[in-house]
Structures are given as C-alpha cells and as structure tokens.
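# Structural features, examined
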Amino acid sequence: MASRKKVLLKVIILGDSGVGKTSLMNQYVNKRFSNQYKATIGADFLTRELVVDDRVVTMQLWDTAGQERFQSLGVAFYRGADCCVLVYDVNSSKSFEALDGWRDEFLVQASPHDPENFPFVVLGNKIDMEESKRMVSQKRAMTWCQAKGNIPYFETSAKEAINVEQAFQTIAKNALAQEAETELYADYPDPIRIDSENSQNYGCNC
Amino acid sequence: MSAPEADAARDNAPSAAQLALPPTLSRATSTSALSVVSVESSLQSSPRRLLSSRTLAALPQLVAHDGGLVKAAEGSATGTPSSSRPSSLFGLAVGGSPRSTPSRKGKERALPTDLEGGEGAANVEVGAAEALRRMKRGKGGISGPKDGGPEADIVAYDHDRIRNTRQYFVLTDAGKPVFQSHPELNENSATDLSGVAQTLISIFAGENDKIRCINRGRHRIAFVLRSPLYFFCVSDWGEPEHILRIHLDYVHLQILSVVTSTQLSKAFQRRSNFDLSRLLEGTENFLHHLIEGAQYDFNFITSTLQPLRMNPVLREAAAASLIPPAKFRDLLYVLLIADGHIVTLLRPKKHSIHPSDLHLLLNMLASSQSLRSTETWIPICLPKFNPAGFVHAYISYVSASLGLVFVSADREAFEELRAWRASVVQTLEKEKTLLKIEQSIPQHSYDVSTLACPGLLHFIYKSRQLVQITMPEWAEPYHTDGQDRRRVITMYHRLHDAVHARSGQSAPLKLMYMRTEHEAYLAWVTRPFELYMTLSPTLSKSAAVAAANTIAKWVAAEEGRIFLKDAPVF
C-alpha cells in the first residue's frame, strides 16, 4: 500500500541541560534564536513539515527537559519515537560524556523493537563559540558515533543556524527509512465461528 | 510581521505548545479515590504562568499554586511573543496575553442565562427535596463561572462556529495524531494537541491514575483511554461528562469496526510508533458521519433503535419474506433498511444484536453513497459481537432508499447470499411489499401536535423492554441546528444523567422536573419506559404529569406501528 498521505514522525530531543536543545528546535522551526536561557519545564512541542524524497513529512518534535528534576515523564515521552536526537555542547566535556547515559536511558525507556538499528542522530552544538573554548574534538565525537553503530553526526550552531537544516533533514530521512520497512501487513484474521460463540443476549430482543 | 517572520510562518507552519510540570503536580501521590479527576484551570495574571491548574476538593494536593499545568510556548525563547503562535487545547492551554475581546466576552456570557443560569437556583424545581439536593451536588463540577473561581479567559477565534462545535480527537498512546473532527476550526495542529494531550494523560498515568475530564470555564474536555488509543472531546454545551464519554466510546467502536482490536494491538505491539492514521485512510468519512449524528442523538445515549414507523402487518410481511433458508449456517443478521431506519431485523436464535453494532452498520450505510449504487461485500468488525475479527456484510439497495443487508461470518458467502437476495426481492415485489414500504417512509415522522396535548413541545419515549425509542420531529424553534435544539438536547442529557445517577449521584431518580425561562422538562422512569419531555414553562406541574400520561397512552396505542416487535428468529 503506497500511501501518499503525510507521514508523521515523532522525534525526541535529549541531552544535558543547557546544551541548546530548545534553541536548536526554535532555530529549525521558527528560525529564531535568543541568547536568553530559560529551562524547559517538562516538555515542549514543535511541529514542522518538510519534504523528504517527495514525501511530505510532519515532524513532531518533543523537546524534553534536560534538568533531572523534570525527568519524571520517562516512558510516556519516549514511547513510539521514530528518531532520537542526542545533543551535547562541544564546549563541555561533561555534556558529551553524558551521551552514553542519554542513549541508554532512551533505549531502556522507549524499548524500540530493534534497538540495534534504531535511528539516532548526534548534534554537537555551540560551534560558534571561540575555538579556545572547545572541549570536545570532532574526532572524539565521531569515534563515539562510529562505536555506537555509525550514528550520523553534525556540528551545529543554533545561534548562527549552521548545519541545523541539514541535521534535521537527515533526522527525518533516517526515521523515514525505518518507518518504510514495516509496511502494513495484510494478515487476514481468522474467521469468526458463530456456532462456537457463547450464546449472547444484549437485551435487544427485537 | 516582518519579512523573515512571514517567511518562517509560510515555510514552517510554526506552532508550539509547552508543557509545564509543576513540582506540586509531579509530587502528588494520592492514589485513592481518584476516579473523578476534575482539573479546572484559569488564566492567572502572570504571562509566564498562562494557565494554572485547580482541582476540585477531591484532590487538594493537586492545587497548583506555583507553576502551571500547561502553558503556551510564548516567550520561552523567542522574545517576540506576538509572532509565536500560542498553542491551545481549547480553553485549556491558551496562549496569548490574558485578554479576550470584549465582544467575545459578551457572547461567552450570553448562554449561561439560557443554560447555566436557568437551572441555577431560582428556577429549579425538582420532584423531591432529596432529588434537588442530589442534583445540585451532581452539578458541582459542571458549570463554569459560578464555581470556577476567576472567570476563564478564552482565546478569541475568528470563527463564530468554534463555539458550540464539539471537537473530537484520537491519538495513539505515543502521542501521534490519528483523527481530528474539525481541523478547520483549530489554530493548532492535531500534532501539537496530541502531544499535549498525551502528556497530560501520562502525568496521571504516572500515578496509576486516569484523567477523565478537565473543566475549564464553560469548556469541558473529556478523555477516554483505550490503549493503544486515547480519545478526547472538547465541548462547551454543558452536557454531563458521561455523554461525551459515550460519544468517544462510539468513535472507538467505529475505529474497531475498520481495524479489529486484534489487528490494532498487534500493530502497536510490533511497533509502538505505528501511525494508525494511515491505516484508517479512506474511512474518515465514517467517523465524521458518526460524530455528526452523535450531536443531537439519543439513540447512542440510550443504546436504542428507532425503527421505521409503519403498519405492523406490512412489517410482518417483509420479515416473512426474509427468513433465510436453513442452509446458511453462518448467517448472522438480516436487515431491511428504509431511509436509514430499520424496517425489520432477523437474527439467529442464540444471538441478539447489540444496539451499538447496529448503529455502526447503519452509520456505514448512511456515510457512503457508493453503497447505494452497487452491491457490496464488505468486511466489518462488529465490536460488541466480536472485537477480534471481521464478519462480512452483503449490502444491496433495492431502490434509492430501501436497502438489504445480510451479515455473515462466512467470508465465502457472497455468491450464495447474492443468489438468495434475488429470490427475496422477487417475493417482496410480488406482494408489492417494497412499494408499500416505500410509501410508508413519508409517514415515518410525526409532529408533536399529533398527540393533541397543549404545552407539550417535544418528547423522547424509550421502551425499556424493546430497547427502542420514539420521538416526534423537532418543531419550531427546534427544527434548525441551533441554540434552541442544543439547549433541549442538553437538558435531556442532564435529565438522563440524573435519573440514572451517572455522575456519582447517590441514587437514581424516578421522576424529575426542571424549569427554565424557556422550557420545563420532565423525566419519568417506570418499569416499562423512560420518558423525557419538553414542555411550555407556563404549564403547571399537574398539567405536565397529565401530558406524560397522555404520551404513555398514545404510545401504548401506537406501539405496533412505532416499534419493531416479534421479529422472526432463525
């Protein structure tokens, strides 16, 4: 069944507090950036439509709170995700080292049916800062991504809109590739045997 | 709006909804007696806290005095509030500054004098003092302004139609949208709203609780959770919660009739990110039609049928022609439909048909024009009969308004049923039965004046034994889809709620009388029937009771024509 209907992708964005998850989303969806930092409380939703390989895709972006004290929604948020975006700040080793934990957390909570091939994308954000502040080299990040099954990696700046479009395009593409693998199966259910049913009486004795 | 922003708006259709989880809410660990959760919210002064939640006394620990339950994304990172379109779960999660246009507010207040005010205090007269007390208590969480604290602020939508239009949503338990009844009335996409709804549901699910209803101002949002699907409806009609839940249950059943519960759970077990909206593609029309029919419905609510009003001898003759040969072992139901009404219905001895299954069948027939022009063999799941599998319906119209439906469990039965149909039609034509039924169609509806009962404006009579109802046509001023009819049907719904104690009232009632400035209403429940009446408000109570007796007598005399009785079984 080659459906031309819009595809909806649920995309979860994870990473430490302050790495720029909300800013990336805002840059991508609203083309806006603010230097002001406001912690996300709970979660935030943004939607954007795009076209991937001639298909109209609606991305439902679930921006989660990086701060641990808001991590109480767990499973509910992760359930049924089509792609998971892991974000860290290239100027913070700690945020990079936390990626393992975020990835594991996602796999445990979301328990996707094929964890080996679940589409992740890693974004190293804030590359607009001075080079001297950089704490995580591109090489180090890419090595990690390769070790985790060749996760696509992008270095981004939400502030200067560097690589944001490209990153999200890849996110959509990879999620869509997974989605396409499970087409609707046409398993016809067993016929109903009416004589084996228990006699039913609903009271509509007309 | 500056040029870049305009671009952004065009390209990205930006919209945002932000969910705030107030610490007080996440810590609320009350687990007992949460069967009725009524979250009431109102806009507060601070723009950072656009909406705070307030719950009824049952949940004191959920009263959010700090932090909102849901707030709009405005101002979260943009610095340009006006350009970021606020997200709204109807009056619930409203963005924008806490203001609405004065004219809008004027309108918001207009209806309460009809509905809320009407039953407020002075005009309510209930059969017994005890009933009044129960009624009032039952009302506790329902209406807005008078018990809702600060008057809620509602975003002013462009469309006037948005008011009074109930909106229905279906989403997966992953928060993906499945269906939306009125996308054109919404500023926010179903995608955003589904995310917000899923999160709200999850907050309660995290405490092993189920959110059932949110009351905010005049709006009520009712939830029905049937994992892997969630359903919610937004209404400002003022009907009891159970009415909306019945509607949502029907939406669920309609989906099951297309995708069986087995298929549904398999699909979601295999992949929790399953996008059901694509599987339902092409059947949305059934859902739209069902919802449209539910708006002024009383068949769904009372789980009844309203058959064609006709000569019982003719009905018997039709049924006699439809008795199937014994060789059809898997035949379930045989129906003759005229203009959407049942003429007769034959069933096997050991299976009765559940009214909801019948409603789904009738809804399918009514929503598709193409079924009228060709014969059709279609798999359909009748969830009350068996939610796990399909039965097959052979549908063929004999004329524009007369249709035959044979439901069989045998998927190979098409040819034999088709052959049988030919002989059935031959018999029916020979005795001119079809023609006579066709001629009965215009006689089906009747005016309330038929009963010659002054002051009686409308009624609904349910035969409890036959599980069928009868009601006259909506006369002026109720004949159009408008405020007057809405008011009456909502009052019927409230009467129904009260006499059946559906909102946790301590006991059902036998008799209930209410009066507003527009109408008086009487509900009367006896062993054989339930009667709901709309009367002139000037009519005395004794005259109202006399009118009820008139109706009961009239129905008793007309019963053979109004109801389908003694249909053959096979």
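Looking at an unreviewed UniProt entry, one finds chain B named Vacuolar fusion protein MON1, with Dioszegia hungarica as its source organism. Note on chain B: under the UniProt heading Function (unreviewed entry), the record states "Required for multiple vacuole delivery pathways including the cytoplasm to vacuole transport (Cvt), autophagy, pexophagy and endocytosis." Quoted verbatim from the Sequence similarities (unreviewed entry) field of the UniProt record, the comment on chain B reads "Belongs to the MON1/SAND family."

In the nomenclature of an unreviewed UniProt entry, chain A is known as Small GTPase superfamily of Naematelia encephala. UniProt annotates chain A under Sequence similarities (unreviewed entry) with the comment "Belongs to the small GTPase superfamily. Rab family."

### Side note on the nonpolar core
Counting 44 residues, the largest nonpolar core has Leu86, Tyr88, Phe106 and Val122 of chain A together with Phe223 of chain B as the members making the most contacts within it. Here the element with the most residues in this core is helix H6 (residues 190–205) of chain B; it accounts for 7 residues. Once residues within four sequence positions are removed from consideration, Phe106 of chain A is found in contact with Ile12, Leu14, Tyr78, Ala81, Cys84, Ser111, Phe118 and Phe120 of chain A.

### Some points on the sheet that holds strand E14 (residues 402–408) of chain B
Residues and elements named next belong to chain B. The strand order E11-E10-E14-E13-E12 describes an open sheet built from 5 strands, whose pairing is antiparallel. Looking at which strands have only one partner, the edges of the open sheet turn out to be strand E11 (341–346) and strand E12 (376–380). Ignoring strand direction, the axes of neighbouring strands in this sheet form an average angle of 20°. Relative to E11, strand E10 (residues 331–338) is paired through 5 bridges, and the arrangement is antiparallel. Looking at the pairing, Val334 lines up with Leu346 of E11. Contacts from helix H12 (residues 312–321) reach E10 and E11 within the one sheet, and its direction differs from that of E11 by about 50°.

### Here's the deal with the pairing of strand E19 (residues 529–535) of chain B
All names here are of chain B. Of all the 7 residues making up E19, 7 are buried; the element is thus mostly covered by neighbouring parts of the structure. Across the two faces of E19 the burial is the same, with Phe529, Leu531, Met533 and Leu535 and Glu530, Tyr532 and Thr534 all buried. Note: strand E18 (residues 520–525) against E19, 6 bridges, orientation antiparallel. Its bridge partner lying in E19, Leu522 is registered against Met533.

### What to know about the state of the cysteines
All names here are of chain A. Tallying each qualifying case throughout the model produces 0 disulfides over all chains. Considering cysteine sulfurs only, Cys84 is the nearest to Cys83, which forms no disulfide, with 7.0 Å between them. Here Cys83 falls in the buried class, since its relative accessible area comes to 0%.

### Some details on unusual backbone geometry
Residue and element names in this part refer to chain B. Cis geometry marks the peptide bond from Ser227 to Pro228, where omega comes out at 10°. Among the secondary structure elements, Pro228 is positioned in the loop between strand E8 (219–226) and strand E9 (229–235). Following Glu476, the chain continues to Pro477 via a peptide bond in cis, the omega torsion being 5°. Relative to the elements of secondary structure, Pro477 occurs in the loop between strand E16 (468–470) and helix H17 (483–499). Look at Ala452: it is not a glycine, yet its phi comes out positive at around 50°. Within the fold, Ala452 resides in the loop between helix H16 (433–440) and strand E15 (456–463).

### What to know about the packing of aromatic side chains
Residues and elements named next belong to chain B. Considering all chains together, one arrives at 29 aromatic pairs over all chains under this definition. Geometrically, the ring pair formed by Tyr394 and Phe406 is stacked, given 5.7 Å between the ring centres and 25° between the ring planes. A residue pair is termed long-range when its members are at least 10 positions apart, and Tyr394 in strand E13 (residues 391–397) and Phe406 in strand E14 qualify at 12 residues. As far as the burial class goes, Tyr394 and Phe406 line up, both buried. Following the ring pairs from residue to residue traces out a cluster consisting of Phe328, Trp377, Tyr394, Phe406, Phe414 and Trp420. The ring of Trp237 has Arg166 sitting right over it, with the charged end atom 3.6 Å from the ring centre.

### A look at helix H4 (residues 99–110) of chain A
Between its terminal C-alpha atoms H4 of chain A stretches 16 Å, which fits the 16 Å expected from 12 residues at 1.5 Å a residue. At the C-terminal side of H4 of chain A, Ser111 of chain A shows a positive phi close to 30°.

### Some remarks on the confidence of the model for chain B
Residue and element names in this part refer to chain B. Chain-level pLDDT for chain B is 75 on average; 71% of the residues reach the 70-or-more range. Low confidence marks residues 1–38, where pLDDT is under 50. Its contacts with residues over four positions away, or in another chain, come to 106 contacts. Note on residues 40–158: pLDDT under 50 across the span, and 272 contacts to partners over four residues away in sequence or across chains. Both scores are given for the predicted complex: the pTM is 0.77, the ipTM 0.80.

### Section: the sheet that holds E16 of chain B
All names here are of chain B. Across the sheet, which stays open at both edges, the 5 strands sit in the order E16-E15-E19-E18-E17 with antiparallel pairing between neighbours. Looking at the sheet topology across the chains shown, the edges are occupied by E16 and strand E17 (511–515). Here the average twist between neighbouring strands, direction ignored, is 10°.

### As for the packing of helix H7 (residues 241–258) of chain B against helix H10 (residues 284–294) of chain B
The packing of two helices is summarised by the inter-axis angle and the distance between the axes. Residues and elements named next belong to chain B. Interhelical geometry of H7 versus H10 gives an angle of 155° and a closest axis separation of 10 Å. In terms of orientation, H7 and H10 fall into the roughly antiparallel class. Seen from above, H7 lies across H10 with right-handed handedness. Facing His247, Tyr250, Val251, Gln254, Ile255 and Val258 of H7, the residues of H10 in contact are Phe286, Leu287, Leu290, Ile291 and Ala294. Class assignment for the residues of the contact of H7 with H10 results in 9 nonpolar, 2 polar and no charged.

### Brief notes about the layout of surface pockets
A water-sized probe rolled over the atoms picks out the places where empty space is left. All names here are of chain B. By volume, the largest pocket amounts to about 1200 Å³. Contributing to the lining of the largest pocket are 36 residues, with Gly293, Asn299, Gln306, Gly340 and His341 lying nearest its centre. Sorting the residues of the lining of the largest pocket by element identifies H10, helix H11 (299–302), E11 and helix H13 (355–367) as the ones contributing at least two each. Of the residues contributing to the lining of the largest pocket, the split by class is 18 nonpolar, 12 polar and 6 charged. Of the domains in this structure, domain 1 (7–76 + 445–562) and domain 3 (312–443) are the two that each give at least three residues to the lining of the largest pocket.

Scoring rules and cut-offs
- Residues numbered from 1 in each chain as written.
- Chains lettered and ligands numbered in written order.
- Predicted model: local features only at pLDDT ≥ 70, side-chain atom pairs only at ≥ 80, totals over all residues.
- Heavy atoms only, no water.
- UniProt positions renumbered as here; feature names shortened; annotations may be inferred.
- Core = buried A, V, L, I, M, F, W, Y, C linked by side-chain atoms within 4.5 Å.
- Buried < 20%, exposed > 50% of the residue type's maximum accessible area, 1.4 Å probe, protein only.
- Helix = DSSP H or I, 4+ residues; strand = E, 2+ residues; numbered from the N terminus.
- Contact = heavy atoms within 4.5 Å.
- Pairing = 2+ DSSP bridges.
- Axes fitted to C-alpha atoms, helices over the stretch in contact; angles between N-to-C directions.
- Disulfide = S-S within 2.5 Å.
- Phe/Tyr/Trp six-rings, centres within 6.5 Å; stacked < 30°, edge-to-face > 60°.
- Lys NZ or Arg CZ within 6 Å of the ring centre and 35° of its normal.
- Expected span 1.5 Å × (residues − 1).
- pLDDT = per-residue confidence, 0-100.
- Parallel < 35°, antiparallel > 145°, perpendicular 65-115°, else oblique.
- Left-handed = near helix turned anticlockwise from the far one by under 90°.
- Nonpolar A, V, L, I, M, F, W, Y, C, P; charged D, E, K, R; others polar.
- 1 Å grid on protein atoms, 1.4 Å probe; cavity = no way out; pocket = protein on both sides within 12 Å on 5 of 7 lines; lining within 4 Å.
- Points joined across faces, edges and corners; volume = space filled by probe spheres on them.
- Domains from an automatic or database assignment.

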